[in-house]
Amino acid sequence: MNNTSTAPRPQDIAPQALSHQTQRLCRATTPPWLHAEVATRMAERLAIIKLQPAKVLQWSAFLGASGAALAEVYPKAEQVCVEPLPEGAERSRAQHARGLLQRLAGRAAVPVVAPAEVSPGQAQLVWSNMELHAQVDAPGLVAQWHKALAVDGFVMFSCLGPDSFAELRALHVRHGWGAAGPEWWDMHDVGDLLVNAGFADPVMDQDRITLTWSEPEKLLRDLRALGGNLSPQRFPGLRGRQWRAAYLDALNELRDADGRIKLTLELVQGHAFKPQPKLRVQAQTEVSLDQMREMLKKP
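Residues numbered from 1 in each chain as written. Predicted model: local features only at pLDDT ≥ 70, side-chain atom pairs only at ≥ 80, totals over all residues. Heavy atoms only, no water.

Visitor: How would you summarise the overall build of the protein chain if you had to cite specific residues and measurements?
Guide: When its secondary structure is counted, the protein chain shows 12 helices and seven strands. Here the protein chain holds 299 residues, and 46% of them are scored as buried. Look at the contacts in the protein chain between residues 6 or more apart in sequence, and 81% of them connect residues 24 or more apart. Total accessible area on the protein chain is roughly 15,500 Å²; 52% of this is exposed by carbon and sulfur atoms. (Helix = DSSP H or I, 4+ residues; strand = E, 2+ residues; numbered from the N terminus. Buried < 20%, exposed > 50% of the residue type's maximum accessible area, 1.4 Å probe, protein only. Contact = heavy atoms within 4.5 Å. Areas by Shrake-Rupley, 256 points an atom, 1.4 Å probe, with all protein chains shown as cover.)

In structure tokens:
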């Protein structure tokens, strides 16, 4: 498997902004409003997968907002919440304490673990909803997914594509403001990323979601609930009330023929399988014990 964690990446995320925004979202009582809708759309796609996983890892479970959907589709599977941040782990544990996921899954408890605590090669499904576009080291995250999966297991994920907020990006350019958002991975970049990490048969798809608002204030409120601008080229420094008033006024330029303020989101969804590891035949070949175990699982 190629190690891609140090390879050039087409998206550039400001680390400090990412840390601040992710912690803020994890302190909220509920995950972002869009994530639950995307989780429902992703769950509908599981019907095309014949494999019935015995163990499901929900990566960044709280912000992914997918627990109920996955428990309904796979009621017999062991569900595990993987939380990269303590704030997310706290929220996941609070949800489970209320008993929602236990009742749906018919289990006494849903484990909440950090990525470092995930046992290699044990899960049949890694589920990551609306996470990949908010990663400083996206190749490193994909490598973690691959390591966590058993042979023939699969990852299913969603993320924002580069055409998201196209109208807002154009507005910023017209007014000479900083970038409205990062230059995210496109669908082909993500497919290459999966293959480089060792996945096979990636299937990628994209969808466009059009959102409209009646007032600029409501748009800003909803965008804040989704996170924040993670681009290193965003407007530097703090901005005052006068700038905010000018920004709200400029958002009216995005009104459509019906008088609604419109923004478009590009949603990228995909899945890929972890294949049987292949060994290069050489004069002398070294095989790790883990590789040998994986090969012996196959007839």
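Visitor: Outline the nonpolar core, listing residues and values.
Guide: Ranked by size, the top nonpolar core spans 43 residues in total, and within it Leu125, Trp127, Met156, Phe165, Leu168, Leu251 and Leu263 carry the most contacts. Leaving out residues up to four positions away in the same chain, Phe165 has contacts with Leu160, Trp184, Leu223, Leu263, Thr264 and Leu265. (Core = buried A, V, L, I, M, F, W, Y, C linked by side-chain atoms within 4.5 Å.)

Visitor: Any chance you could break down helix 8 (residues 166–175) for me, citing the residues and the numbers?
Guide: Those residues of helix 8 lying buried are Glu167, Leu168, Arg169, Leu171 and His172. At its buried positions, helix 8 is contacted by helix 10 (216–226), helix 11 (241–251) and strand 7 (261–273). Backbone geometry just downstream of helix 8 places Gly176 in the positive-phi region, at approximately 70 degrees.

Visitor: Outline helix 7 (residues 138–148), supporting the account with residue identities and numerical values.
Guide: Burial analysis of helix 7 places eight of its 11 residues in the buried class, the great majority of the element. Within helix 7, the full set of buried residues consists of Ala138, Pro139, Gly140, Leu141, Val142, Trp145, His146 and Ala148. Close packing links the buried residues of helix 7 with strand 1 (55–59), strand 4 (123–128), strand 5 (149–160) and helix 9 (187–196). One side-chain oxygen of the residue at the start of helix 7 lies 3.0 Å from the amide nitrogen of Gly140, identifying that residue as Asp137. (Polar contact = N/O pair within 3.5 Å; in protein donor to acceptor, adjacent residues only side chain to side chain.)

Visitor: So what's going on with the packing of aromatic side chains? Residues and values would help.
Guide: Counted by the stated rule, this structure contains seven aromatic pairs. Connected via pairs of aromatic rings, a cluster forms that spans Trp177, Phe235, Trp243 and Tyr247. (Phe/Tyr/Trp six-rings, centres within 6.5 Å; stacked < 30°, edge-to-face > 60°.)

Visitor: If you had to explain the environment of Ala71 to someone new, which residues and values would you point to?
Guide: Secondary-structure assignment places Ala71 in helix 4 (residues 67–73). For the pair Ala71 and Val56, spaced 15 residues apart in sequence, the C-alpha separation works out to 9.6 Å.

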